[in-house]
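Listed below, chain by chain, are the residues.
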Amino acid sequence: MRLTIRRRAGRRAALLAVGVMTASLLLTAPQQAAAGPPNLLSNPGFETAGAAGSDMPSCWSKSGWGDNDFTFSTVADAHGGTKAMKVSLTRRVNGDRKALVTENSTCAPTVTPGKQYDLSAWYKSNTPDVSVTVFRRDTTAGWQYWTDLQNPPVSAAWARTEVRTPAVPPGTDKIAWGLSVYGVGTLTTDDYALEEVGAVPPQPACSGTAEECAKGKWQVIPAQNPVRSMHAVVLKNGKVLLIAGSGNDIAQFNAGTFTSAVYDPANGSFKTIPTPVDMFCAGHVQLADGRVLVMSGNKGYPSADGSIGYQGLKDSYTFDPTTEKYTKTNDMNGGHWYPSATILGNGDVISFGGLKEDSTGNVTAEKFSAAQNKWLPMNQVNQTWSYWGLYPSMILMQDGRLFYSGSHTFGNGTPGTGASIYDYDANTITDVPGLRNKDERDESASVLLPPAQDQRVLTIGGGNNERNPAANRLTDIIDLKQPSPAYTAGPPIPQGLVDQGQGKRPQTGAEGKMFVSAVLLPDGKVLETGGGLHDRADPVFEASFFDPTTNTYQAGLATDPIPRTYHSASFLMPDGRVMSVGDNPGNGTYNHNVSIYTPPYLFKGARPQITSAIDTQWVYGDTQRITVNRPVAKAELIRPAAVTHSSDPNQRFVDLPMTVVNGTTIDLNVTSNPNLAPPGWYMLFAVDANGIPSIATWVHLGGPSALAATQEQPSAHEHTFADQLGPAKDNPAKRDSAPVAPSAAGCDRHYGTANVCVPTRFPAEVQATTKARCDWLASHTYPKRLKVNGSDPLRLDPDRDGYAC
């Protein structure tokens, strides 16, 4: 699985299209000055020798890692002056070697948090496996790897490479950098420079009310969602696929009425789509070509007496955004009601968990081959025979391993610490520590924080539908780049107003929320919105921004006026707004209202515009040129949403380091690692220094070269991290399934129909009496006459007339 990609030699047609002469000049002549202060580096051309006995020039050190053979030498073949640095790799298993600015207070330049810096150097190389690698000194944690910014192309003659850093993170006082060589070959470098970008952006002018500029604005659109959607997928053309299947409505299931809809933001219209099977609670993910792979769904609802639970389908389909039709694939090896779905760096999809056709837990891993366009036979897929639960959040790491964040749907987490790293190649599962209240993270949300290069995951809130306590306020953060990664406590979720059936009141104490939505925004923040205090009940009206650079929340945003709990979804649209749909409380109703959130950044004045993108078909390691109508501070790719039940493990924000040619022409440096940005269609945003994003341009990343690459090819972005884990757990013996109680969904099926969920456990504040429970059901607008199916375990039918309350 640890797929890596070799950068193509030379620049791609995207730059050649502007003319061979122009492209050549860009590589051999200094670019337009964009930074004000002078070069901040000491001994940038290696001219000053090191201290007596040192074999490196002053303020330069040998650096690198891994299993490789290498040499460092100071040579006379210089670009300027009399000396240059030559680094050669003659054998490589892994790792890199580089001359690095010495990491000490004398040599490493001082930087200012929030500022950006232009890095440049002259170089010659006979290998494409070169990257610009930057380290930073955290005032608390010390020196640490920061990021790889660029992959300069092969050049036999002296060429200049230049790239702009992201904004320096808070708590950073110094940086060090160098050009790394991570494949067999030779790299010679000279005349380094580091310059602070001096332009001060104009202060934005508020274009809305003061409250809108501070908190954003929600609007409920006139049109209503025509289907009871549980799933939302943003398509490569900007439309939104909303999947209902039977919509958690047993009458629709019995009638064979299964629906989806496509929403077009351009005109606000909905189009109902014929749907072949009950895709209620299926899994879904965008494939590399933009089709949506939809797997499993609902084969059958629970029996009236609750002795049989939900049953998973084997069926699988693709949805084509162009034809807006479903096409059947081959079946999966088993049913997977509530499966995970994670796209891998080679375009394959891996899936775990869910319920089988007989309502037991599915313990088999499933793999969809992109090359063969089919699900592979079970004997061609590595198996641990582990049960991962329902909708386990499986996030692709930069080396191809999978991180199970501990977020899932229904009940308790997996045995162990609640979070783990799964290595498909080694077929091992290793627990990682630190996730608090690991058995109360049911319906929490987990996201790979911006940018994906940082490899940090945030897990938000949750509860437990079996015991039904009040949802918690916990957030936990893990840095997967650490040798022994562990969750650490994040700030608590801000509190809002909760409606428990007697009107809204402020949350108190440790009250948080489950069924929460977490949406990556183009300014690099995470919108946290929606959710409820208890399982399928008691909506919380609160929204906040989480800032990954400071690990803090901005509380008090405008709130969605529509409750968004079970079966709701919120997701980013290409225009930078957020759309929210759905709400399916335990009383069986469904809210068809659609809300749109306009974040504060869209009230800060005119938006930057991407006026041209020379190419929209991108390959890993590319340099891609765009033009903008005014200077921007950053650009990124955001993978479109495929979200259900608070879960979208493929959601990611990939930074595109910039080489600024001038104020309106920018070269974007595309990652060479497909595990950071799996192949597919992405929204390209350009964002100015005030955090105002452009409207997205759709680009496709991948292509045949990515899918055909072999695992022997190296990547600049694989550094030693998460490599000092504890011992792997023993995999279970081969088995057919894991036992799962029919009440896994948290509903007592002795009352009403299958789409009505009377809680197995009422909230703690509800007394265990018939009156208190019936009052709670009435306050939450359950049907007044709930048929009792068989026995009456909750004592809701004291007069024994066959109806509750």
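This text follows the structure it describes.
Quick caveat, the model's predicted, so the values are computed rather than measured.

Student: Any chance you could break down the overall build of the protein chain for me, citing the residues and the numbers?
Tutor: From N to C terminus, the protein chain includes 6 helices and 56 strands. For the protein chain, whose C-alpha radius of gyration is 27 Å, the value lies close to the compact-globule estimate of 28 Å for 805 residues. The principal-axis extents of the C-alpha atoms in the protein chain amount to approximately 100 × 60 × 50 Å. For the protein chain, buried positions account for 63% of its 805 residues. Here the contacts in the protein chain between residues at least 6 apart in sequence split such that 66% fall between residues at least 24 apart. Just so you have it, the protein chain exposes about 27100 Å², and 53% of that area is on carbon and sulfur atoms. Taking the average location of the 68 positive side-chain charges in the protein chain and that of its 74 negative ones, the two points are 1 Å from each other.

Student: I'd like a description of the packing of aromatic side chains, backed by residues and values.
Tutor: Within this structure, the stated rule accounts for 31 aromatic pairs. Chaining the aromatic ring pairs together yields one cluster made of F253, F258, F280, Y301, Y310, W337, Y338, Y391, F410, F515 and Y566. The residue whose ring lies beneath R401 is F721, and the NZ or CZ to ring-centre distance is 5.9 Å. The residue whose ring lies beneath R536 is Y566, and the NZ or CZ to ring-centre distance is 4.0 Å.

Student: For the side chain of T147, give the residues involved together with the corresponding values.
Tutor: Topologically, T147 is positioned in strand β7 (residues 142-150). Those residues in contact with T147 that sit more than four places away from it in its chain are V132, T133, V134 and Q453.

Student: Quick one: what's the story with the nonpolar core, residue by residue and with numbers?
Tutor: Of all hydrophobic cores here, the largest spans 53 residues; its most connected members are L242, L521, L527, F571, L572, M579 and Y597. In terms of residue count, strand β53 (residues 680-687) provides more of this core than any other element does, 4 residues in total. Those residues in contact with L527 that lie beyond four places of it in its chain are S517, A518, V519, L521, A543, S544, F545, L557, V578 and Y597. In terms of nonpolar packing, the next biggest core, distinct from the first, is built from 37 residues, F403, W618, L637 and A722 among them.

Student: Which residues make up the pairing of strand β48 (residues 634-638), and what values do they have?
Tutor: Most of β48 sits out of view: 4 of its 5 residues are buried. For β48 and β53, the ladder comprises 5 bridges, and the chain directions are antiparallel. Residue pairing in the sheet places A635 in a bridge with A686 of β53. Here β48 pairs with strand β50 (residues 653-655) via 3 bridges, running antiparallel. Within β50, the position partnered with I638 by the bridge is F653.

Student: How would you summarise the sheet that holds strand β21 (residues 325-328) if you had to cite specific residues and measurements?
Tutor: Spatially, the 4 strands line up as an open sheet ordered β16-β17-β20-β21, and their pairing is antiparallel. Of all strands in the sheet, those with a lone pairing partner are β16 (283-286) and β21, marking the two edges. Averaged over neighbouring strand pairs, the angle between their axes works out to 25 degrees when direction is ignored. Where β16 lies against strand β17 (residues 292-295), 4 bridges are found, and the strand directions are antiparallel. Among the inter-strand pairings, H284 is bridged to a residue of β17, identified as V294.

Student: Break down the sheet that holds strand β24 (residues 366-369) for me, citing the residues and quoting the values.
Tutor: Taken in spatial order, the 4 strands line up as β22-β23-β24-β25 in an open sheet, and their pairing is antiparallel. In the strand order of this sheet, the two ends are held by β22 (342-343) and β25 (374-375), each with one partner. Relative to strand β23 (residues 349-351), β22 is paired through 2 bridges, and the arrangement is antiparallel. Paired with T342 across the strands is I350, a residue of β23.

Student: Account for the environment of P563, naming residues and giving values.
Tutor: In this structure, P563 sits in the loop between β41 (552-554) and β42 (569-572). Beyond its immediate stretch of four places on either side in the chain, P563 contacts P539, F541, G582, D583 and N591.

About the criteria used
- Residues numbered from 1 in each chain as written.
- Predicted model: local features only at pLDDT ≥ 70, side-chain atom pairs only at ≥ 80, totals over all residues.
- Heavy atoms only, no water.
- Helix = DSSP H or I, 4+ residues; strand = E, 2+ residues; numbered from the N terminus.
- Rg over C-alpha atoms; globule rule 2.2 N^0.38 Å.
- Buried < 20%, exposed > 50% of the residue type's maximum accessible area, 1.4 Å probe, protein only.
- Contact = heavy atoms within 4.5 Å.
- Areas by Shrake-Rupley, 256 points an atom, 1.4 Å probe, with all protein chains shown as cover.
- Lys, Arg positive; Asp, Glu negative; His and termini not counted.
- Charge placed at Lys NZ, Arg CZ, Asp CG, Glu CD.
- Phe/Tyr/Trp six-rings, centres within 6.5 Å; stacked < 30°, edge-to-face > 60°.
- Lys NZ or Arg CZ within 6 Å of the ring centre and 35° of its normal.
- Core = buried A, V, L, I, M, F, W, Y, C linked by side-chain atoms within 4.5 Å.
- Pairing = 2+ DSSP bridges.
- Axes fitted to C-alpha atoms, helices over the stretch in contact; angles between N-to-C directions.

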